[in-house]
Amino acid sequence: MDLDNLSEALEKLKLASTDSATDSVESCLDCLLKALANNNTEASVKIQEMGVLPLLPTLLNPQSSCTPKVANIIAEVAKNEFMRSPCVEAGLIPPLVQLLNSTDQEVLLQTGRALGNICYDSHSLQAQLISMGVIPTLVKLLGIHSHNTALTEMCLIAFGNLAELESSKEQFASTNIAEELVRLFQKQTEHEKKEMIFEVLAPLAENDVIKLQLVEAGLVECLLEVVAQTVDGEREEDIAQLKTASDLMVLLLLGDESMQKLFEGGKGSVFQRVLSWIPSHNHQLQLAGALAIANFARNDGNCIHMVDTGIVQKLLELLDRHVEEGNVTVQHAALSALRNLAIPVVNKSKMLSAGVADVVLKFLQSEMPPVQFKLLGTLRMLIDTQAEAADQLGTNGKLVERLVEWCEAKDHAGVMGESNRLLSALIRHSKSKEVVRTVIQGGGVKHLVTMATSEHMIMQNEALVALGLIAALDLVAAEKDFVGANLVSVLHKLLSDERSAPEIKYNSMILICAVMGSEPLHKEVQSLAFIDVVSKLRAHENKTVSHQASLTEQRLTAQS
């Protein structure tokens, strides 16, 4: 169709739209659709130049038989990025949104396409649609027209786009989207259709309210079924579906209420099914199973129940399978689960006797920072308040050597912080001269001195307590390292700094008193005029600090 014919049709449309003679309008619209099918870009430019867009809102009349064609033209025109703003400026969005209340399926389909194309990739326009209330309307349409494939797909594509906006989540949560999507999912047999629904479920399930609605609507049963059907599949689509379904399952467990509902006091069938994933031969399922356990292990009650029912053994067997050439994500997930399970005090000794520390130590050689990070966290949780285990691990030269190495991992702040904290914990929980010696020989002292200057108060304090124990248990062996790391001037800074917390000041003074037994350190204390700083602290509002300041001042004066 040539452009002259198009211009003629556009002129006619201009005239016809004013006197609303339906037949002549219809034929003009057919003409436009033909031109767009032939060369969309060229025809769109022409439509724009001739000023036809502003005529279209009046033609979008719910009663008119032309409406589906007009909406179709808008949808075609808005495929071009340069036509989207003109469509908005011509005021097409409000009448299109109104048409979503129509009962005519063809009108609904073309209207949905038109709105989708105009707002494609524009967060601000999508936000405008949300504020105009399209979400409840579309959810209702999905329920009414679930047998119409084209309309269903149109709704799913719209949900997928809108669900990426945070502002949509509250609106979705106030509809029955969860029930509708689960119902739709149960009816699907084709992989593509299931994928489309998954793409909407994933962003929606990030919202905790919707997580619970999805669990209540029976999504979990659907996911478990997908897993059962695809676990042994070789086809690419089976592998993709298995991953999507098991990932979504883990996402649902990130909500506290949804997780607790599925745990059902450890009796839940869902919980049992997820447990059976851990010994599976499929890496994706092992990963999801371990992550699920880590998510169930978010409160003490669940952790205690799980350790009592033998989950630790399953996780250790899984880790054992991944020591040589292991899958890093599975290692990371299984260690996360063990770390969380080790938080309640009653679990620590049970997990230690189950041999958790020995299996975790097999990963000491790992070069993967995420695995190193979780390994350190797991050991730190296990030895908390467990003197015997701290003693055993703290005298393990290989472990201490690796910790000292990781204390220098400047590129990985997390690994560096956890190594320092574990080094300190080994000393604090064992209070053992042997452990102190192992740390001194391994070159750990200077790292603990640096840790005392951390910006995190909890780490500063852990470092100072460990250094105090080193000074009390083996000052002679530590003397050289204390001097080399400028311990005394670090303590001077901590005591002079207004911002230091009371416990930091208290432990720094304890440490000053402890190092006075060494001649070179005593000299440094004298040369830095500690007495001035300490006497000021006698007026500190914290009674423990002011009392310790008096004692420290007496020590300093007696030995000057």
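In every chain, residue numbers begin from 1 and rise along the written sequence. Residue-level local features of this predicted model are given only where pLDDT is at least 70; pairs of side-chain atoms are given and counted only at 80 or more, and the full residue set underlies all totals for whole chains, interfaces and linings. Heavy atoms throughout the structure, all of them, feed into the side-chain values; hydrogens and water do not.

- As recorded in an unreviewed UniProt entry, the protein goes by Rap1 GTPase-GDP dissociation stimulator 1 and comes from Seriola dumerili.

1. Here we look at the overall build of the protein
Part 1 of the argument: Of the regular secondary structure elements, the protein holds 37 helices and 0 strands.
Part 2 of the argument: It is over C-alpha atoms that the radius of gyration is taken, and the globule rule equals 2.2 Å times the number of residues to the power 0.38. Relative to a compact globule of 560 residues, whose C-alpha radius of gyration would be 24 Å, the protein shows 34 Å and is clearly more extended.
Part 3 of the argument: In terms of overall dimensions, the protein has a C-alpha envelope of 110 × 55 × 40 Å along the principal axes.
Part 4 of the argument: For the protein, the proportion of its 560 residues judged to be buried stands at 55%.
Part 5 of the argument: Summing over all exposed atoms, the protein offers an accessible surface of approximately 25,100 Å²; the carbon and sulfur share of this is 51%.
Part 6 of the argument: Note on charges: Lys and Arg go in the positive column, Asp and Glu in the negative column, and His and the chain ends are not counted at all. For charged residues, the charge sits on one atom: NZ in Lys, CZ in Arg, CG in Asp, CD in Glu. Positive and negative side-chain charges of the protein, numbering 47 and 70 respectively, have mean locations separated by a distance of 8 Å. Only runs of H or I of at least four residues qualify as helices and only runs of E of at least two qualify as strands under DSSP, and these elements are numbered from the N terminus. Residue exposure (1.4 Å probe, protein chains only): buried if accessible area is under 20% of the type maximum, exposed if over 50%, otherwise partly exposed. Only the protein chains shown count as cover for residues, with accessible areas throughout obtained via the Shrake-Rupley method and a probe of 1.4 Å.

2. Things to note about unusual backbone geometry
Part 1 of the argument: The backbone of Lys431 shows a phi angle near 45°, a positive value even though the residue is not glycine.
Part 2 of the argument: Structurally, Lys431 can be placed in the loop between α29 (413-430) and α30 (433-442).

3. Quick look at the side chain of His522
Part 1 of the argument: Turning to its location among the elements, His522 is positioned in helix α35 (residues 519-527).
Part 2 of the argument: Note on His522: relative accessible area 16%, which makes it buried.
Part 3 of the argument: With residues up to four places along the chain from it excluded, the contact list for His522 reads Val515, Met516 and Gln559. In this description, contact between two residues means that some pair of their heavy atoms is separated by no more than 4.5 Å.

4. Quick look at the packing of aromatic side chains
Part 1 of the argument: The aromatic pairing rule takes the rings of Phe, Tyr and Trp, using the six-membered ring of Trp, and pairs them if the centres are within 6.5 Å, calling planes under 30 degrees apart stacked, those over 60 edge-to-face and the rest tilted. If you walk through the whole model with that rule in mind, you get 5 aromatic pairs.
Part 2 of the argument: With centroids separated by 5.5 Å and ring planes inclined at 45°, the aromatic side chains of Phe263 and Phe296 adopt a geometry described as tilted. With Phe263 in helix α18 (residues 256-263) and Phe296 in helix α20 (residues 283-296), this pair connects stretches of sequence that are 33 residues apart. The same class applies to Phe263 as to Phe296, namely buried.
Part 3 of the argument: Aromatic rings pair up to connect Phe263, Phe271 and Phe296 into one cluster.

5. Quick word on the UniProt feature "repeat: ARM" (unreviewed entry) in the protein
Part 1 of the argument: Residues annotated in UniProt with the feature "repeat: ARM" (unreviewed entry) correspond here to residues 91-133 and 310-356.
Part 2 of the argument: For residues 310-356, the helix share is 74%, the strand share is 0%, and the end-to-end C-alpha distance is 12 Å. UniProt positions are given in the numbering used here, feature names are shortened, and annotations may be inferred rather than shown by experiment.

6. Quick word on the pattern of salt bridges
Part 1 of the argument: Any Lys or Arg side-chain nitrogen located within 4 Å of an Asp or Glu carboxyl oxygen qualifies as a salt bridge. Throughout the structure, instances matching the rule amount to 24 salt bridges.
Part 2 of the argument: Where Lys69 meets Glu26, a salt bridge forms, and the shortest distance between an N and an O atom there is 2.9 Å. Residue Lys69 is found in helix α5 (residues 67-77), and its partner Glu26 is found in helix α2 (residues 22-38); the two are separated by 43 residues along the sequence.
Part 3 of the argument: Here Glu405 and Arg402 are joined by a salt bridge, their closest N and O atoms 2.6 Å apart. On the criterion of helical spacing, the pair formed by Glu405 and Arg402 is a turn pair, its members being 3 residues apart in helix α28 (residues 397-406).
Part 4 of the argument: With a relative accessible area of 7%, Arg402 lands in the buried category.
Part 5 of the argument: Residues joined by salt bridges that share partners form a network here, namely Glu26, Asp30 and Lys69.

7. A few points about the layout of surface pockets
Part 1 of the argument: Quantified by volume, the largest pocket comes out at close to 400 Å³.
Part 2 of the argument: Every residue lining the largest pocket is counted, 20 residues in all, and those nearest its centre are Gly112, Gly116, Met154, Ile157 and Ala158.
Part 3 of the argument: Secondary-structure elements contributing two or more residues to the lining of the largest pocket are α8 (105-118), α9 (123-131), α10 (134-144) and α11 (149-162).
Part 4 of the argument: Of all the elements, α11 adds the most residues to the lining of the largest pocket, at 7 residues.
Part 5 of the argument: Here the term charged refers only to Asp, Glu, Lys and Arg, the term nonpolar to Ala, Val, Leu, Ile, Met, Phe, Trp, Tyr, Cys and Pro, and the term polar to all other amino acids, Gly among them. Its residues placed into classes, the lining of the largest pocket shows 13 nonpolar, 5 polar and 2 charged.
Part 6 of the argument: Think of a 1 Å grid over just the protein atoms. A cavity is a set of points where a 1.4 Å probe fits yet cannot get out, a pocket is an open set with protein on both sides within 12 Å along at least five of seven lines, and lining residues have an atom within 4 Å of a point. Residue lining of the second largest pocket: 16 residues in total, with Met416, Asn420, Thr450, Met451 and Met459 positioned closest to the centre. Grid points are joined across faces, edges and corners, and a volume is the space filled by probe spheres set on the points.

8. Some words on the side chain of Asn80
Part 1 of the argument: You can see Asn80 is positioned in the loop between α5 and α6 (84-89).
Part 2 of the argument: With relative accessibility at 11%, the residue Asn80 sits in the buried group.
Part 3 of the argument: Side-chain atoms alone can form a polar contact between residues adjacent in sequence; in general such a contact is a pair of N or O atoms within 3.5 Å, and within protein one must be able to donate a hydrogen while the other accepts it. Side-chain polar atoms of Asn80 contact the side chain of Asn40, separated by 2.8 Å.
Part 4 of the argument: Within the structure, the side chain of Asn80 is placed 2.9 Å from the side chain of Ser44, a separation counted as a polar contact.
Part 5 of the argument: When neighbours within four sequence positions are excluded, Asn80 is seen to be in contact with Asn40, Thr41 and Ser44.

9. Observations regarding the nonpolar core
Part 1 of the argument: The criterion is simple. A nonpolar core is a set of buried Ala, Val, Leu, Ile, Met, Phe, Trp, Tyr and Cys residues joined through side-chain atoms within 4.5 Å. With 197 residues, the main nonpolar core has Leu341 and Phe482 as its most contacted residues.
Part 2 of the argument: Of the residues forming this core, the biggest block, 11 residues, is contributed by helix α32 (residues 457-484).
Part 3 of the argument: Those residues within four positions of Leu341 in sequence are excluded, and the remaining contacts are Ile293, Ala297, Cys303, Met306, Val307, Ile311, Val312, Leu315, Asn347 and Met351.

10. Looking at the packing of helix α36 (residues 530-537) against helix α37 (residues 543-558)
Part 1 of the argument: Only the stretch in contact is used when a helix axis is fitted, and all axes are lines through C-alpha atoms; the angle between N-to-C directions ranges over 0 to 180 degrees. Their axes nearest at 8 Å, the elements α36 and α37 cross at an angle of 150°. Classified by the angle between their axes, α36 and α37 sit roughly antiparallel to one another. Seen from above, α36 lies across α37 with left-handed handedness. For the pair formed by α36 and α37, the contact residues are Phe530, Ile531, Val534, Ser535 and Leu537 on the first element and Val545, Ser546, Ala549, Thr552, Glu553, Leu556 and Thr557 on the second.
Part 2 of the argument: Looking at side-chain class alone, the contact of α36 with α37 contains 7 nonpolar, 4 polar and 1 charged residues. Angles below 35 degrees are treated as roughly parallel, those above 145 as roughly antiparallel, those between 65 and 115 as roughly perpendicular, and all remaining angles as oblique. Handedness of a helix crossing follows the sense of rotation of the near helix relative to the far helix, less than a right angle counterclockwise being left-handed and clockwise being right-handed.

11. What to know about helix α23 (residues 328-341)
Part 1 of the argument: Relative to the 20 Å expected for 14 residues at 1.5 Å per residue, α23 spans 20 Å between its end C-alpha atoms, a close match to the ideal helical length.
Part 2 of the argument: Burial analysis of α23 places 11 of its 14 residues in the buried class, which makes it a mostly covered element.
Part 3 of the argument: Of the positions making up α23, those classed as buried are Val330, Gln331, Ala333, Ala334, Leu335, Ser336, Ala337, Leu338, Arg339, Asn340 and Leu341.
Part 4 of the argument: Looking at the buried residues of α23, the elements they touch are α20, α21 (300-308), α22 (311-321), α24 (345-353), α25 (356-361) and α26 (369-383). Given the number of residues in a helix, its expected span is that number minus one, multiplied by 1.5 Å.

12. Things to note about helix α12 (residues 166-173)
Part 1 of the argument: Residues of α12 that are buried include every one of Ser168, Lys169, Phe172 and Ala173, and no others. Seen end-on, α12 carries its buried residues on one side only, within an arc spanning 130°.
Part 2 of the argument: Tucked inside the fold, the buried residues of α12 contact α9, α10, α11, α13 (177-187), α14 (191-204) and α15 (208-216). The arc in question is the one traced by the directions running from the helix axis out to the C-beta atoms.

13. Topic: the environment of Phe373
Part 1 of the argument: Assignment of secondary structure puts Phe373 in helix α26.
Part 2 of the argument: Sequence separation between Phe373 and Val345 is 28 residues; the distance between their C-alpha atoms is 21 Å.

14. Things to note about the packing of helix α16 (residues 219-230) against helix α17 (residues 236-252)
Part 1 of the argument: Following both chains from N to C, one finds α16 and α17 inclined at 150°, their axes separated by 9 Å at the closest point. Between α16 and α17 lies a crossing whose hand is left-handed. Packed against α16, whose contacting residues are Leu219, Val220, Leu223, Val226, Val227 and Thr230, the element α17 presents Asp238, Gln241, Leu242, Ala245, Leu248, Met249 and Leu252 at the interface.
Part 2 of the argument: Residue composition of the contact of α16 with α17, by class: 10 nonpolar, 2 polar and 1 charged.

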